[in-house]
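# Coordinate inspection notes
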Amino acid sequence: MSQFLSKHNSVRPTRRRFLVGAGVTTAGLAVGYRLVLAASDIAQTTTAKVQANPFQTYVEITKENRIIIYSSQFEMGQGSYFGIATLVMEELDGDWAQVDVVGGYGNTALYGNLAWGGAAQATGGSTSMSSSWERYRKAGAAARALLVAAAAQRWDVPAGEIKVASGVVSHASGMQARYGDLAEAAAGMPVPDDVPLKPRDKWAQIGSDSLKRYDSAGKTNGAQTYTIDLMMEGLQTAVMIHPPKFGAEIESFDATKAKALDGIVDVVQTPRGIAVVGRDTWTALKGRDLVEVTWNEEKAEGRGTAEIMAEYNKAADDLGAATARDDGNTPAAFASAEKIIEGHYEFPYLVHASIEPLNAAARINEDGTIDVWGGHQMPDLYQAAAAQVGGTTPDKVRLHVMKTGGSFGRRAVLDADVIIEAVSTARALGRGKPVKVQWTRENDMRGGRYRPAYVHAVKAGLDKKGNVVALHDHIVGQSVLGGSTSAAMIKNGIDPTSVEGATNLPYAIPNLKVELTTTDVNIPVLWWRSVGSTHTAYAVETLIDELAAAANRDPVDFRLSMLGHHPRHAAVLKVAAEKAGWDKPLPEGRFRGVALHESLSTYVADVVEITLNDENGFKVDRVVCAVDCGTAINPDQIRAQMEGGIGFGLGAILQEELTLKGGVVGQENYDTYTPLRIEQMPRVEVHIVPSEEPPTGVGEPGVPPIGPAVANALRAATGKTIRKLPIIKNMSGMTP
Amino acid sequence: MVAFTLNGEVRTLDVDPEMPLLWAVRDVIGLTGTKFGCGLAQCGACTVHVNGMPTRSCQTAVGDIEGASITTIEGVSGKISETVQAVWAEFDVPQCGYCQSGQIMSAVALLTETPKPSDDDIDSAMSGNLCRCATYHRIRAAIHETANRLET
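Given the structure is predicted, the values throughout are model-derived calculations rather than measurements. Along each chain, the written sequence defines residue order, and numbers are assigned to residues from 1. Chain labels run from A onward and ligand labels from 1 onward, assigned in the order the entries are written. Residues qualify for local features only when their pLDDT is at least 70, as the model is predicted, and side-chain atom pairs are given and counted only at 80 or more; totals for whole chains, interfaces and linings, by contrast, use all residues. Note that the side-chain values use all heavy atoms of the structure and ignore hydrogens as well as water.

Now for the domain arrangement of chain A. By a frequent convention, interface size equals the accessible area lost on bringing the separate parts together. Residues and elements named next belong to chain A. Domain borders in the structure are assigned automatically or taken from a domain database. Domain boundaries assigned for chain A yield domain 1 (2-219), domain 2 (227-298 + 358-438) and domain 3 (305-350 + 449-730). In what follows, a contact means two residues having at least one pair of non-hydrogen atoms within 4.5 Å. Contacts between domain 1 and domain 2 engage 17 residues on the former and 22 residues on the latter. Any Lys or Arg side-chain nitrogen found within 4 Å of a carboxyl oxygen on Asp or Glu counts as a salt bridge. Connecting domain 1 to domain 2 are 0 salt bridges. What qualifies as a polar contact is a pair of N or O atoms within 3.5 Å, subject to a donor-acceptor requirement within protein and to the restriction that residues adjacent in sequence count only when both atoms come from side chains. At the boundary of domain 1 and domain 2, one finds 4 residue pairs in polar contact (both at pLDDT 80 or more). Basically, the charged four are Asp, Glu, Lys and Arg, the nonpolar ten are Ala, Val, Leu, Ile, Met, Phe, Trp, Tyr, Cys and Pro, and anything else, Gly included, counts as polar. Within the side of domain 1 that touches domain 2, the residues separate by chemical class into 8 nonpolar, 7 polar and 2 charged.

In structure tokens, the structure reads:
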């Protein structure tokens, strides 16, 4: 591969100038990026060097008439494969029954995420559609053009007379062919310099409300396989023993009793803990109970969350270590303000808690190459990490990008945790011995990489007329990027993922200051669906609501009066309010709340209705959501992501919390860490604001507004803002 | 040695009688549609039918199923389950899909027992099945739609 890349590495794709190329593969037609592969090139590279991924393309049409789409973006349930396939199919005019989407990897030039300059292949930040918008439509259009050219030559008719529909190429003379019949000939056609894309008014797939996901059937009959379901010759299962506290190290361990158990294959020390390898999961779990480990806790984090939050609260009252935004003169504005609202917000650690606990499988092959199966959300990084642990080079690591039972950020982990465990265990077992490392729920809950805990010290002032003259937010908490491979994104002491959602506050507030103090705590943290906006949106949107109440203004009108320069924010807010019937009175005992937030360039407003009750305080009955994510590619999936984001966010603010005592995590399973259940799910209606702007993401932006919208409804009912999360635990004593 | 019926076929298993049915079905028999989520009967991803009753296979020991009739997602059949599965796909209920085997097994059991469930019936029958993608809104709609279709 390195030889291959060195020949072509002067060509780099950019968002503006993107040209496609095509070539013959053993399979048929492959359309990728402008690298015209001669068959001899492929033969040479595959024999001369191990080629981790020989089919580095976007779209391949096989002689068997399959359309295989190689996705640069990872599928974790959010529908990125479907979205990318929609872009290809819009231009290619194939039949959805032909489509397979698989995870591509191993070529940053081809698969690098354009939202981040193409520097690495990675999925995150709700960027899958914006990164894919042009490249996958171009790939589909180029493949179609080549099929048409091949047919024109074969039938000796002008290309302009050829029609393509539902996977069939045809001519008025009665000639017709399937894509697969033309694939080989198409691969030999000259590649057009550029291919025109369909104009918006000709779209049949993009924006279609009736188009359904191609991958649902396998998710209703048990056929869809995930990493946990892998089966292969000789596969063993390993379960992990992790340190009881973050930072603790293995002093010694005794596996004698475990190894004596029938079916235990080996007990292996990895850089991250002990792997107990057995012939099946149950045997490995029984063996795990028999391993005796002595831990060295000298470097371990010994604090509990109570101490950590007390330190954060204290730090929040001091000056911030760094300033992320400073408009006007906040101290002077506060000095002359008529009314001031201030307080502290507390946000707990949160767990991603995907239902498929983390896992990965690896095999060191006889020739020294490595196969790694898993939820490869960051393929470039995982290829490099696996190579390092496996004692080889990245080009010798073959990745198998599996479907995954959720991620919410957890599968994009900068230290490649479970990949390292799988590869090092496979290496210890020896060549030709595949092993699957399967975490239990307890490993997953206690294994770290949480949404960091934060404290916000906020202060806001109104003038005599009830205008917001100043707002100050000092955020205290750990940095997700600090100490990671992405630490370079931290500039002037500001990790942008700690302050996003506060620094881009859209309201016209003349004096606005956002400060950040990054803390040093040895609890591993990570991005968690919508990242900084998981806490910033709650703080600023409940604060704005309190200010509206203090100014005796309607919460919707109050916000709109400060959004003159932000029409997209204003539009979603108006749509949500109108569809919810904001102006209409509610029945006795029912209350409304509203929140508005832009995250990752998508604008979302929620209006919620709650009912107070004696049983557990209140119930969220209804959510009306309005979203502007630019061009809507799959409207029904946009709705699905808003619904799911609302349920995910609602569970978190109502009742999710990870605590530690003396450095030990207090929650191990879903009995004590409690995501939303069906009886708590409100009725949700989603309204998509029409737009012709380029598409932005929907995987994350549905999460942030639900929390503050519910808190604002509760304040409407009780007069009090809940500033300490989760809500249910912290609302005792509140009465309407 | 334990003998039972699995998806209509008589099977015998010679494993540790304490082994949860979940691991026997997945690792020993090789049917992987039944999922592991918690191991503590908290998430419902491992739901199968034991003599028609929705049961958490992670908390059911192989030693306790002698003579029982077990149905997994691979073996569920009949008009109710076919309709549930079709509506599930039509409504695009699944996101990641991982919990959906369990959701469907619980939904089929509910509709078998209660052909026209109310929202409250659905909430109480499905409460044991977590979905971290929070597809609950569509699960509820899909169960109602299935009930409507089966009625006509």
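This part takes up the domain arrangement of chain B. All names here are of chain B. Here the domain parsing of chain B yields domain 1 (2-71) and domain 2 (79-151). The C-alpha-based centres of domain 1 and domain 2 are spaced at 21 Å. Note: buried area is the sum, over both parts, of the accessible area (probe 1.4 Å) each one loses when the two are combined. In total, domain 1 and domain 2 occlude about 960 Å² of area from one another, counting both sides; carbon and sulfur atoms represent 56% of this. The tally of links between domain 1 and domain 2 comes to 6 residue pairs in polar contact (both at pLDDT 80 or more). Segments assigned H or I by DSSP are reported as helices when at least four residues long, segments assigned E as strands when at least two residues long, and all are numbered from the N terminus. Broken down by secondary-structure element, the contributors of at least two residues to the side of domain 1 that touches domain 2 are strand 3 (47-50) and strand 4 (53-56). It is strand 3 that provides the largest number of residues to the side of domain 1 that touches domain 2, a total of 3 residues. Its residues assigned to classes, the side of domain 1 that touches domain 2 shows 5 nonpolar, 6 polar and 2 charged.

Let us now look at the UniProt feature "domain: Aldehyde oxidase/xanthine dehydrogenase a/b hammerhead" (unreviewed entry) in chain A. UniProt positions are given in the numbering used here, feature names are shortened, and annotations may be inferred rather than shown by experiment. Under the present numbering, the feature "domain: Aldehyde oxidase/xanthine dehydrogenase a/b hammerhead" (unreviewed entry) in UniProt falls on residues 221-299 of chain A. For residues 221-299 of chain A, helix accounts for 16% and strand for 38%, while the C-alpha atoms at its two ends are 48 Å apart.

Here we come to the packing of helix 19 (residues 635-655) of chain A against helix 20 (residues 706-718) of chain A. Residue and element names in this part refer to chain A. Axis definition: a line fit to C-alpha positions, over the contact stretch in the case of helices; interaxial angles, taken between N-to-C directions, run 0 to 180 degrees. Where helix 19 contacts helix 20, the axes come no closer than 8 Å and their chain directions differ by 60 degrees. Viewed along their axes, helix 19 and helix 20 adopt a mutual orientation that is oblique. Judged by the twist between their axes, the crossing of helix 19 over helix 20 is right-handed. Listed contacts from helix 20 to Gly645, Ile646, Gly649, Leu650 and Ile653 of helix 19 are Ile706, Gly707 and Val710. Here the contact of helix 19 with helix 20 is built from residues that sort into 5 nonpolar, 3 polar and no charged. If an angle is under 35 degrees, it is roughly parallel; if it is over 145, roughly antiparallel; if it lies from 65 to 115, roughly perpendicular; otherwise it is oblique. For any pair of crossing helices, the crossing counts as left-handed if the nearer helix is rotated counterclockwise from the farther one by less than a right angle, and right-handed if it is rotated clockwise.

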